[in-house]
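Observations on the three-dimensional arrangement
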Amino acid sequence: KIIFRYGDSSKENIWANLLDEFVVDRIVISSNIRHAKPLLSVIQSKSSSIRPRIIIVGTTGVHSKFKKYSSIYKSLENSISNYDGQFLVLRPTMIYGGYKDKNFHKVIKFIKKYKLFFIFESGNNLFRPIYYMDLAKAVSKACQDQKIKGFIDLAGETIISYKELLKLIFF
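A few points on the structure. Please read all numbers here as calculations on a predicted model, not as lab measurements.

When the terminal C-alpha atoms of helix α5 (residues 132-144) are compared, their 19 Å separation across 13 residues agrees well with the 18 Å that a helix rising 1.5 Å per residue should span. Among the residues making up α5, those that are buried are L135, A138, V139, A142 and C143. Taken end-on, α5 shows its buried residues confined to a sector of 140°, consistent with a single buried face. Of the exposed residues in α5, those oriented more than 90 degrees away from the buried face are K137 and Q144. Residues of α5 that are buried sit in contact with β1 (26-29), β2 (53-57), β3 (87-92), β4 (95-96), β6 (130-131) and β7 (150-154).

Here it is as structure tokens:
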């Protein structure tokens with residue numbers, strides 16, 4: 001049974017109201033890993049020993065060589081790893097497949113509009129994007145199987161170079 005409620009999941013009071021209204025055994029956060037922090041704060045403040053399983057769609061940005069980008073995710077993941085309930089953080093690579101994605105769709109739209117795009121360095125750097133439905137299947141599987149826990153990087157089946165990706169878009 002799935003019940004939907006709407007609110008700003010970056011706010012502790014939203015999580016507090018939801019956890020007062022419902023007894024839940026699992027929570028899925030697909031909006032942003034940053035929304036786990038207020039949720040964890042509310043859960044930890046409750047005296048109940050019942051801790052819901054938390055499944056979070058995070059980011060492989062935690063592995064970025066640029067500290068400016070990875071440090072926030074490392075800090076968030078550290079907070080999550082201190083959670084005294086069960087958790088799973090799925091870290092998808094670049095997600096593709098819908099018009100609302102923030103990666104491929106923007107590149108494709110730009111290329112179609114201006115008929116050009118730049119190749120940085122040699123263009124041989126590799127991507128392993130994940131199809132949005134495959135990510136959805138992984139989340140669904142994680143909801144059903146409590147043995148899946150911890151931090152898991154998720155990548156698509158196909159490895160493609162940046163140059164090959166651009167050729168597919170242009171032709």
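The geometry of helix α4 (residues 104-114) relative to helix α6 (residues 162-170) is characterised by a closest axis approach of 10 Å and an angle of 55° between their N-to-C directions. Comparing the axis directions of α4 and α6 gives the class oblique. Seen from above, α4 lies across α6 with right-handed handedness. Residues F104, V107, I108 and I111 of α4 pack against L165, L166, I169 and F170 of α6.

When you line up the elements, S71 lands in helix α3 (residues 67-81). As for S71 and G61, which are separated by ten residues in sequence, their C-alpha atoms are 9.2 Å apart.

Moving on: the packing of aromatic side chains. The final tally for this structure, using the stated rule, is six aromatic pairs. Pairing F66 with Y69 gives two aromatic rings, centres 6.4 Å apart and planes at 90°, and the pair type is edge-to-face. Geometrically, the ring pair formed by F110 and Y114 is tilted, given 4.8 Å between the ring centres and 45° between the ring planes. Of the two residues, F110 and Y114 both sit in helix α4, four residues apart, roughly one turn of that helix. Note on Y114: relative accessible area 42%, which makes it partly exposed. Here the aromatic residues Y96, Y131 and Y132 are joined through ring pairs into a cluster of three or more.

One can find S161 in strand β8 (residues 160-161). Take S161: its relative accessible area is 7%, and that puts it in the buried class. Setting aside anything within four residues of it in sequence, one finds S161 in contact with G123, N124, N125, L126 and F127.

Soluble globular proteins tend to bury their nonpolar side chains together. In terms of nonpolar packing, the biggest core is built from 19 residues, with I29, I33, L39, I54, I56 and I80 touching the most fellow members. No other element matches helix α2 (residues 36-45), which puts five residues into this core. Non-local contacts of I33, meaning those with residues more than four positions away in its chain, are made with I56, V57, G58, Y73, L76, E77, I80 and V89. Of all hydrophobic cores here, the second largest spans eleven residues; its members include I55, L135, V139 and L154.

Moving on, we come to the sheet that holds β1. Picture the strands of a sheet paired through backbone hydrogen bonds; they go either parallel or antiparallel. An order of β1-β2-β3-β7 is seen for the four strands of this open sheet, with the pairing classed as parallel. At either margin of the open sheet sits one strand with a lone partner, and together these are β1 and β7. The average undirected angle you get between the axes of adjacent strands in this sheet is 15°. Pairing of β3 with β7 involves five bridges; the strand directions are parallel. Residue pairing for β7: L88 is matched across the bridge by G150. Along the sheet, α3 makes contact with β2, β3 and β7, crossing β3 at roughly 155°. In the packing of α5 onto the sheet, contacts are made with β1, β2, β3 and β7, and the angle to β2 comes to roughly 170°.

Conventions and cut-offs
Residues numbered from 1 in each chain as written. Predicted model: local features only at pLDDT ≥ 70, side-chain atom pairs only at ≥ 80, totals over all residues. Heavy atoms only, no water. Helix = DSSP H or I, 4+ residues; strand = E, 2+ residues; numbered from the N terminus. Expected span 1.5 Å × (residues − 1). Buried < 20%, exposed > 50% of the residue type's maximum accessible area, 1.4 Å probe, protein only. Arc of directions from axis to C-beta. Contact = heavy atoms within 4.5 Å. Axes fitted to C-alpha atoms, helices over the stretch in contact; angles between N-to-C directions. Parallel < 35°, antiparallel > 145°, perpendicular 65-115°, else oblique. Left-handed = near helix turned anticlockwise from the far one by under 90°. Phe/Tyr/Trp six-rings, centres within 6.5 Å; stacked < 30°, edge-to-face > 60°. Core = buried A, V, L, I, M, F, W, Y, C linked by side-chain atoms within 4.5 Å. Pairing = 2+ DSSP bridges.

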